[in-house]
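# Working through the structure, step by step
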Amino acid sequence: MAAHGEADQLGTTSDSDQGELNETEAPGKSEDHILFASDSFDDLTYDGLADGDQQSVQKGTIHAIVRQTSHDSRSNTPNNVDHDSSEVSAGEESVEETAETQGQSVSNATEKEDVVPQLSVSQLSLDEEDVNTPEWKNQKKHVFILSESGKPVYSRHGKEDKLVTIMGVMQALVSFVQDAKDSIRSIVAGHHKFVFLVRDHLILVGVTRGMDSTQQMLLQLMYVYNQVISVLTHSALSKIFKQRRNYDLRRLLTGAEKFFDNLLNLMDTEPGLLLTAVRCLPLDSAVRDIIAQSIVQNAKVKDLVFALIIAKNQLVTLVRMKKYYLHPMDLHLVINLVNASESFKEAESWTPICLPKFDASGFLQAHVSYLDNDCEVCLLLLSVDRDSFFTLSEAKDKIKNRLVRYNALQAINSSIRRHSYSTQQCGIPDLRHFLYKARSTAQYTSPELEAPYGSQEEQERLFGMYHYLHHRIHTSGRPLKILFHVGQYETLLGWVTQGFELYAVFGPLITKTGAIHAVNKLLRWIKREEDRLFILNSVTF
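Described in the following lines is the structure provided in the data block.

Conventions used here
Residues numbered from 1 in each chain as written. Predicted model: local features only at pLDDT ≥ 70, side-chain atom pairs only at ≥ 80, totals over all residues. Heavy atoms only, no water. Core = buried A, V, L, I, M, F, W, Y, C linked by side-chain atoms within 4.5 Å. Buried < 20%, exposed > 50% of the residue type's maximum accessible area, 1.4 Å probe, protein only. Contact = heavy atoms within 4.5 Å. Salt bridge = Lys/Arg side-chain N within 4 Å of Asp/Glu carboxyl O. Helix = DSSP H or I, 4+ residues; strand = E, 2+ residues; numbered from the N terminus. Axes fitted to C-alpha atoms, helices over the stretch in contact; angles between N-to-C directions. Parallel < 35°, antiparallel > 145°, perpendicular 65-115°, else oblique.

By size, the foremost hydrophobic cluster in this structure holds 75 residues, and its most contacted members are Leu202, Leu249 and Leu308. Beyond its immediate stretch of four places on either side in the chain, leucine 308 contacts Leu315, Thr317, Leu318, Leu331, Val334, Cys378, Leu379, Leu380 and Leu382.

Set out below in structure tokens:
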């Protein structure tokens, strides 16, 4: 089938016609683990355990960090000081108290009769779409969250109160199939595809009439589910529904709608969520080293797990506690938190966030602050100690002063103003756009969107072609290494190796041989620029 209705020829290259195609060394490859390396369709079984240690999932990674830091502090205490195990117990309680308090508030609420929840300001909007209108029905993509009892939790379009019947049907479908000892995955009806993701206590449904495959929709629904966990934690969610199966979860998610909305908007525009990879802000490696060392030298706080700087949804630097890694899906939730919260621009903030791939059972405490007057450069310090706000605030001031002194902050702002880079800089005339992911570092790079993809409509079409190419390459029944697609307006080439994933868009007249030569030239250009485009060194506390 042709993408977007284009007349095309479709073919895969074999070993005999690959020409110069080679994969000797993947640009952006690093032996250091900066982020947890994840495939595009990872089974999402990673639990953030340290160096493969078989820790108790119930206890969680945060529990392990608290025990370790408490043990280290006791080991450094003079021998004549009495040790008491209550120190560790107190640390564990302080870390888990946020989730426990959340659960307690639910417990108190469930003792009372169910009442109609208060509607948020967005729900009361006069411009809210009605489910009976063509505007609502013709939306390109819908996402629904409902409880296992069929209660509405969230809808991307429309008001949940008007979707009770629709979500009831969705819940009935899931239950009917489960009664037959099976699970429902997807339904195709006309031009629409319904995809179901069933998780503990929640059912997520995505409806699309676009180019998204079932696997891609499942990945998007998993992001949305993780967003729920990031607000509540899995422990609190389980406790809520254990106490009352038909609890209205909107009570606890009031005000969090903006995070779901913004995350779904990012999915439509940010390729990193499709690739399960993070884009880095282009910077000279020497400047990036100064930024990382500024954090290491001035953020020597015992319970600090991650410190990172984000600018325009791009990663500037990441410093981590030894043995612990940040999954790209969790980092996307952090980016979404910053992107969707205008209040962070007003003052330093202190907010809990659960990172499901790191530890779904508890909260990290995030100190969030902007380092520049334009509120483009955001510093996040993630700790397991909920009482370290002022300590981290002092660390933030020291980090900022050093970045200013060494002109690193100015370098970040200059890179933001330059946007990214143009395809013209690659020196390949037929190349229009590309996505390149270094698999070992879970990072990707791509040029700016330029003509002929300057308009929003053309950008959506381009993103749809990437979805099509990505789906054909990663089809579970018949995964491909190389795919060459000739369409009416563009020619596409997808290439996946152990070291990288590359998706390139060319003009319609390029030949297969010409595309292969162009891709090899592109790889050489990325290799020359890899120190600027990727973070290749893992910096730890």
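Here the narrative resumes, following the displayed structure.
Overall, the coordinates contain 15 salt bridges when judged by the stated rule. Glutamate 348 is paired through a salt bridge with lysine 396; the nearest N and O atoms lie 3.4 Å apart. Of this pair, glutamate 348 sits in the loop between helix H11 (328-340) and strand S10 (349-353) while lysine 396 sits in helix H13 (residues 389-405), and the two are 48 residues apart along the sequence. Given the relative accessible area of 28%, glutamate 348 is considered partly exposed. On the basis of relative accessibility, which here comes to 9%, the residue lysine 396 falls in the buried class. Measuring nitrogen to oxygen at the nearest pair gives 2.9 Å for the salt bridge that ties arginine 461 to glutamate 458. Separated by three residues within a single helix, arginine 461 and glutamate 458 lie in helix H15 (residues 456-474), roughly one turn from each other. Ionic contacts of the salt-bridge type, sharing partners, join the residues Lys141, Arg156, Asp212 and Asp268 into one network.

Moving on: unusual backbone geometry. Following alanine 451, the chain continues into proline 452 via a peptide bond in cis, with omega recorded as 10°. For proline 452, the location among the structural elements is in the loop between strand S14 (443-445) and H15. Residue lysine 181 is not a glycine yet carries a positive backbone phi of 60°. You can see lysine 181 is positioned in the loop between helix H4 (164-179) and strand S4 (186-189).

Another point: the packing of helix H5 (residues 214-232) against H15. Between H5 and H15, the shortest axis-to-axis distance is 9 Å and the interhelical angle comes to 105°. By the criterion of interaxial angle, the relationship of H5 to H15 is roughly perpendicular. For the pair formed by H5 and H15, the contact residues are Gln215, Gln216 and Gln220 on the first element and His467, His470, His471 and His474 on the second.

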